[in-house]
Amino acid sequence: MVAKKNLCVLILAAGKGTRMKSPLPKPLHTVCGIPIIAHILKAAQALGPAAIGIVVGHGADEVINTVKNNLAAWGVSAPVVFAHQTDLSGSASAVKAALPLIEKFETVMVLNGDTPLLRVQTLEQMFDVYEANGCGALVLGVTVPNPAGYGRIVRAVDGHFENITEDADADEETKKIAEINSGMYVFNSKLLQNALTQLTPQGPKHEFYLTDTLALIKQMNASVLVFGSDDYEQALGINSKAQLAEAEQILRDRVAKRLMDEGVTLVRPKEVFIDSEVKIGVDTWICPGCYISGKTVIGKNCYIEGNCYIKDSVIGDNVTLKMGTYIEESEVEANCQLGPYAHLRPKSVLKQGAKVGNFSEIKKSVIGEGSKVNHLSYIGDTIMGAGVNVGAGAITCNYDGKNKHQTVLEDHVFVGSNVNFVAPVTVHEYAKIGAGSTITKEVPAEALAIARTRQVVLEKKGVKKND
Ligand code: UD1
Ligand code: CA
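Every value quoted in this text rests on a predicted model; they were computed, and no experiment measured them. (Residues numbered from 1 in each chain as written. Chains lettered and ligands numbered in written order. Predicted model: local features only at pLDDT ≥ 70, side-chain atom pairs only at ≥ 80, totals over all residues. Heavy atoms only, no water.)

**Brief notes about the nonpolar core**
Defined as follows: Think of a nonpolar core as a cluster: buried Ala, Val, Leu, Ile, Met, Phe, Trp, Tyr and Cys residues, connected wherever their side-chain atoms sit within 4.5 Å. Classification of residues uses two cut-offs on accessible area relative to the type maximum, computed with a 1.4 Å probe and protein chains only: under 20% is buried, over 50% is exposed, and between them is partly exposed. In this description a helix means any DSSP run of H or I spanning at least four residues, a strand means any run of E spanning at least two, and both kinds are numbered starting from the N terminus. For this analysis, residues touch if any pair of their heavy atoms sits within 4.5 Å.
Judged by nonpolar contacts, the single largest core of 55 residues is most densely connected at Leu41, Ile54, Val67 and Leu123. Tallying contributions element by element places helix H1 (residues 36–46) first for this core, with 7 residues. Setting aside residues up to four positions removed in sequence, Ile54 forms contacts with Leu10, Ile11, Ala13, Ile37, Leu41, Val67, Val80, Val81, Phe82 and Ala83. Val272, Ile286, Met384 and Phe421 belong to the second-largest nonpolar core, a separate cluster that totals 49 residues.

What follows is the structure, encoded as structure tokens:
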């Protein structure tokens, strides 16, 4: 990618998104784990523009905050400028709101803020064709199976661009045109500014259509080109929840395809849910029903059984996650084994080769190298050394109703079954804890602590001993 110093990309994201029937501004609805606007920003950034403008209006503060807080995470390094559109009277008014920005550039690429499936490669090609032909404007036209709802690209008999007719204004003949306006354009900035001054309100809602500027630019004797593409998925505009689900499916398919191309084994690719930012190493198996989201990174040669949920976590190489394992904001080093039905809550770390098994819950704890918490335990706020064996049903009593307290289990501690640790408490290395104990005091190294009442046997009345 070569930086383009005369280009700015303008994203239109002020619209109300009425058809979403949601209080959340449309640009913030997520597709494959990141907001719609993030997909567009990432594509815009990949073009190497000198600046990116975002026109905000409906839900402006929420959109601005989310974008500002995530620019680094989304890899956006170009300067981002926000323009406020107060009247919400159409896509051309949105562009007008950003005049102070676009006046500074020779070329403006305008992108609708609701097309998360756009492809960087297509935007690059559009820009190159625009430059090579010295165009006044260029629009991405896409031939779709069902053009209803989109603006149609009307061509003259000789095939040249004539105008874009919006669905609401189209007659029956025009509605049959399958080539639609994708909402992605490249403009000569001066000609665009000129055209914006000549618009009149159109359609049932008396809006100022950006699409009308193309015919006006043509009348200025500049060439207006349609860059045609058959890859219609990239133009899918999200106006409703049904279209949101459609985009989600298409993008998940793309992510699955990319991962398989990179050497990941997806047993049933249609039945896993993997966010677009997730990274997975070669020969890792992912079984059906897994949900892998956020900024998760998984190593190579892992085996991930069905219905595992992993969010914002780092998983090392050769890890096995058995059925139903749930991991949030945690780190699992190489050669660990979890599940079935293990739960790592945020800030847990499993060191190399550790095991957390059936129905065990770990919270904000370190499980040391090779240590095992195999059955029915709750380990919270705990620092566990290497080679520790925790028996079935061990519970850390970490919360006194006000504060959380720490449990320390040093290297090679052996914990019998059904033990409670009343934190804060420390058990030093090689100590052993008898089954059924409630440990409230420090246990010295290599000692055996038993803290349970002695068994009393009361003989049944009238029954003689040794009967
Ligand atoms: C628009 C195009 C249509 C095209 C389709 C592609 C126009 C007039 N029509 O229709 O030709 O086929 O996209 O998806 O542009 N916006 C603002 N301020 C406004 C109105 C809209 O910023 O006052 C933004 C929206 O947030 C959205 C974009 O402009 O990102 C397009 O608006 P939308 O209402 O979705 O237009 P469509 O009816 O889909
Ligand atoms: Ca739209």
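**Let's talk about the pairing of strand S7 (residues 137–143)**
Counted only if it meets this: Between any two strands, pairing holds if DSSP finds at least two bridges.
Judged by how many residues are buried, S7 sits mostly within the fold: 6 of 7 residues are covered. Two strands pair when backbone bridges link them, and S7 and strand S10 (residues 179–188) are joined in this way by 6 bridges, in the antiparallel orientation. Following the sheet pairing, Ala137 is matched in S10 by Phe187. Pairing of S7 with strand S11 (residues 224–229), which is carried by 6 bridges, proceeds in the parallel orientation. Bridge pairing in S11 places Leu140 opposite Phe227.

**Comments concerning the pattern of salt bridges**
Operational definition: Note on definitions: salt bridges are taken to be side-chain nitrogens of Lys or Arg within 4 Å of carboxyl oxygens of Asp or Glu.
Scanning the entire structure with this criterion turns up 17 salt bridges. A salt bridge links Lys257 to Asp261; the nearest nitrogen and oxygen atoms lie 2.9 Å apart. Of this pair, Lys257 and Asp261 are both found in helix H9 (residues 241–261), 4 residues apart, which corresponds to roughly one turn of the helix. We classify Asp261 as exposed; its relative accessible area is 58%. A salt bridge links Arg345 to Glu361, with the nearest nitrogen and oxygen atoms 2.6 Å apart.

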